[in-house]
Amino acid sequence: MASHILAETQPGVARTIARAFAASATLREAMLRMLEGLGPQLGFAAGLYWERDAAADVLRFVMIWRAPEIIIPDFEAASRAGVFRRGEGLPGRVWERGKWTVIPDLSTDTNFPRRDSGLRDQLRSAVAFPIGDGVLEFFHREGALDEHRLEETAQLLAAHLEEFLRRTAALEAERISEARRAAILEAALDSVVSMDAAGRVTDWNAAAERMFGWSREEALGREMAELIVPPALRESHRRGLARYLTTQQSTMLNRRLELRGMRKDGSEFPIELIIARIPVQGTLAFTGYLRDLTERRRAEAESREREAFRERFIGILGHDLRSPIQAILGSTYQLRNAALSETERRSLERIGTSAQRMSRMIDDLLDLTRGRLGGGIPVSPRTMDLAQTAAQVIEETRAAHPGREIVLDVQGEASGRWDPDRMAQLLSNLTVNAIVHGVQDKPVRIALAATADRVEIAVHNEGSPIPEGDRERIFDPFRRAAAEGGKGLGLGLYIAREIARAHGGELSLDSFAEQGPTFRVRLPRVR
């Protein structure tokens with residue numbers, strides 16, 4: 001039976017149910033109105049509302065209504081203490097079935113735990129209605145229950161309850177959505193500012209307060225142009241808004257723009273702005289997302305300064321420092337054949353050795369500068385034989401470290417396109433590193449293993465394993481082991497890795513207690 005037909009047969013009941021749901025914000029509030037309204041209209045002595053405890057999955061007592069002249073202390077106490085599971089008692093049966101239920105005579109019902117207390121308080125019959133996750137329960141003292149009338153009441157309750165739950169769910173969803181939107185706006189790192197078609201501020205988040213200096217209360221309702229647009233740009237802003245309202249066309253919407261903004265104190269600063277039109281029924285609204293570019297501009301200026309410094313530094317390393325070193329080396333070469341005493345000759349050799357070491361340090365610093373601040377270490381690949389270069393490097397290293405054994409093992413044909421000078425530098429850095437850190441009476445082993453598409457270089461020395469936590473850090477610039485003393489800047493492994501990468505390869509480290517460390521270089525034959 002439709003609710004409007006029921007309203008004709010029971011207009012008072014229908015009005016009570018409709019008003020109870022319409023005037024209530026919560027289901028409990030509606031049930032209180034229902035108990036107080038339906039109880040007297042339907043001639044009941046008392047009514048109760050039970051609600052599901054989701055955690056325990058039981059029905060618990062929520063509230064009770066009694067007619068003014070009714071006193072039911074035993075039954076009320078039993079009800080307040082009662083807890084019902086599905087199918088237990090009248091509330092449990094209605095909850096389980098989802099259908100209204102009548103007990104014509106409490107004295108004969110075998111599934112009514114509160115029967116004795118109810119009979120002592122002269123309750124004779126009962127009816128209960130399902131209300132969502134709860135149950136509405138009424139009790140009579142005398143007279144028979146009109147089941148036809150109760151059926152109509154149940155249908156009215158069901159119809160209005162469904163509409164009430166739909167309305168409250170929509171309101172809750174709207175509340176949650178609005179709360180979420182507000183939380184997002186407040187937590188946003190960027191300023192979020194909204195305005196209406198008249199150009200007046202309708203929203204202003206916390207980031208906007210920090211960026212522009214205006215509080216939300218100060219900003220709302222004010223014209224945006226006078227708050228954050230510099231005076232020189234205001235008329236252009238106003239004309240653009242007026243033009244959009246007329247033509248519905250703009251070149252500024254949904255684009256990333258870089259403009260000038262103005263703080264409360266009148267100071268101007270660079271901003272990044274994206275404007276979006278917000279669909280609001282019957283009107284126009286716009287939201288701007290703004291970001292302060294001051295730090296970015298400062299960082300860009302610092303980057304330009306670093307670039308200029310890099311160029312100057314490379315120039316100093318490449319020319320201003322190298323030139324006097326070359327002059328020292330040239331002078332020592334010319335003095336080799338001069339008539340010198342033994343003491344003077346040893347001094348000359350120390351000068352030449354120190355100048356050569358200084359020249360190598362300058363070369364390493366130049367490579368570091370190019371690798372870290374420029375585009376990587378430059379290479380000039382050409383066809384070469386890596387085995388031949390390795391043999392040459394080994395001979396030079398043996399001369400500098402007499403008595404140390406270096407073993408070369410070549411498997412396959414090790415030719416490819418690489419920079420010969422850089423490959424010699426890579427091999428020299430790894431070999432010297434192995435000699436310095438390896439066991440003095442054990443050989444350094446260099447192995448070249450060639451395949452169709454690449455060549456692998458393995459440089460191994462016996463010695464203490466390198467802890468796992470240090471295996472990447474040893475490639476950092478200026479990390480020098482204590483055993484090296486003051487002979488270098490700690491750039492050898494860093495430069496070796498950069499040379500490998502410049503050729504499309506990679507340098508890695510294996511280190512085991514039983515075998516000692518092994519540096520592996522994997523190089524593609526053609527880059």
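Residues numbered from 1 in each chain as written. Predicted model: local features only at pLDDT ≥ 70, side-chain atom pairs only at ≥ 80, totals over all residues. Heavy atoms only, no water.

Quick notes on the layout of surface pockets
- Approximately 670 Å³ is the volume found for the second largest pocket.
- Residue lining of the second largest pocket: 27 residues in total, with His237, Met252, Leu259, Leu273 and Ile275 positioned closest to the centre.
- At the level of elements, strand S7 (191-196), helix H10 (224-228), helix H11 (231-247), strand S9 (257-262), strand S10 (268-280) and strand S11 (283-292) are the ones that each hand at least two residues to the lining of the second largest pocket.
- Considering each element in turn, the lining of the second largest pocket owes the most residues, seven residues, to H11.
- The residue makeup of the lining of the second largest pocket, split by class, is 16 nonpolar, nine polar and two charged. (1 Å grid on protein atoms, 1.4 Å probe; cavity = no way out; pocket = protein on both sides within 12 Å on 5 of 7 lines; lining within 4 Å. Points joined across faces, edges and corners; volume = space filled by probe spheres on them. Helix = DSSP H or I, 4+ residues; strand = E, 2+ residues; numbered from the N terminus. Nonpolar A, V, L, I, M, F, W, Y, C, P; charged D, E, K, R; others polar.)

Some remarks on the environment of aspartate 74
- Along the chain, the position of aspartate 74 falls in helix H4 (residues 73-81).
- Residue classification places aspartate 74 among the partly exposed residues on the basis of a relative accessible area of 34%.
- Excluding its chain neighbours within four sequence positions, the residues that come into contact with aspartate 74 are Ser117, Arg120 and Asp121. (Buried < 20%, exposed > 50% of the residue type's maximum accessible area, 1.4 Å probe, protein only. Contact = heavy atoms within 4.5 Å.)

Comments concerning the packing of helix H14 (residues 386-400) against helix H15 (residues 420-437)
- Viewed as axis vectors pointing N to C, H14 and H15 meet at an angle of 45°, and their least axial separation amounts to 9 Å. Classed by the angle they form, the pair H14 and H15 counts as oblique. Once H14 is placed against H15, the crossing between them reads as right-handed. Residues Leu386, Thr389, Ala390, Val393 and Thr397 of H14 form the contact with H15, whose own contacting residues are Pro420, Met423, Ala424, Leu427, Ser428, Thr431, Val432 and Ile435.
- Residue composition of the contact of H14 with H15, grouped by class: nine nonpolar, four polar and no charged. (Axes fitted to C-alpha atoms, helices over the stretch in contact; angles between N-to-C directions. Parallel < 35°, antiparallel > 145°, perpendicular 65-115°, else oblique. Left-handed = near helix turned anticlockwise from the far one by under 90°.)

So, the nonpolar core
- Within the largest apolar cluster, 53 residues are counted, with the highest numbers of intra-cluster contacts made by Phe21, Met31 and Met34.
- When sequence neighbours within four positions are dropped, the list of residues in contact with phenylalanine 21 reads Leu27, Ala30, Met31, Met34, Leu157, His160, Leu161, Phe164 and Arg167.
- Ala414, Leu430, Leu491 and Leu523 belong to the second largest nonpolar core, which has 37 residues in total. (Core = buried A, V, L, I, M, F, W, Y, C linked by side-chain atoms within 4.5 Å.)

Points about the packing of helix H2 (residues 11-22) against helix H3 (residues 27-41)
- H3 packs onto H2 with a crossing angle of 160° between their chain directions and a minimal axis gap of 8 Å. In terms of their interaxial angle, H2 and H3 are classed as roughly antiparallel. Classified by chirality, the crossing of H3 by H2 is right-handed. Here H2 contributes Gly12, Val13, Thr16, Ile17, Ala20 and Phe21 to the contact with H3, which in turn contributes Leu27, Ala30, Met31, Arg33, Met34, Gly37, Leu38 and Gln41.
- A breakdown of the residues in the contact of H2 with H3 according to their chemical character gives nine nonpolar, four polar and one charged.

Quick notes on unusual backbone geometry
- Backbone geometry at aspartate 57 places phi at a positive 55°, although glycine is not the residue there.
- Given the relative accessible area of 30%, aspartate 57 is considered partly exposed.
- Even without being glycine, glutamine 122 reaches a positive phi, approximately 70°.
- You can see glutamine 122 is positioned in the loop between helix H6 (115-120) and strand S5 (125-131).
- Residue glutamine 122 is classed as partly exposed on the basis of its relative accessible area, which comes to 45%.

Let's talk about the pattern of salt bridges
- Applying the stated criterion to the full structure yields 33 salt bridges.
- One salt bridge in this structure joins glutamate 395 and arginine 398, with 2.7 Å as the shortest N-O distance. Separated by three residues within a single helix, glutamate 395 and arginine 398 lie in helix H14, roughly one turn from each other. (Salt bridge = Lys/Arg side-chain N within 4 Å of Asp/Glu carboxyl O.)

Description of H3
- Taking 1.5 Å per residue, 15 residues should reach 21 Å; H3 reaches 21 Å between its end C-alpha atoms and fits that length.
- The set of residues buried in H3 consists of Leu27, Ala30, Met31, Met34, Leu35, Gly37, Leu38 and Gly39.
- One or two residues past the end of H3 sits glycine 43, with phi positive at roughly 75°. (Expected span 1.5 Å × (residues − 1).)

Focus: the packing of aromatic side chains
- Applying the stated criterion to the full structure yields 12 aromatic pairs.
- Each ring, one from tryptophan 100 and one from phenylalanine 129, has its centre 6.3 Å from the other, and the planes form 20°; the classification is stacked. Remark: phenylalanine 129 occurs in strand S5 and tryptophan 100 occurs in the loop between helix H5 (89-97) and strand S4 (101-103); sequence separation between them is 29 residues. Assigned by exposure class, tryptophan 100 and phenylalanine 129 land together as buried. (Phe/Tyr/Trp six-rings, centres within 6.5 Å; stacked < 30°, edge-to-face > 60°.)

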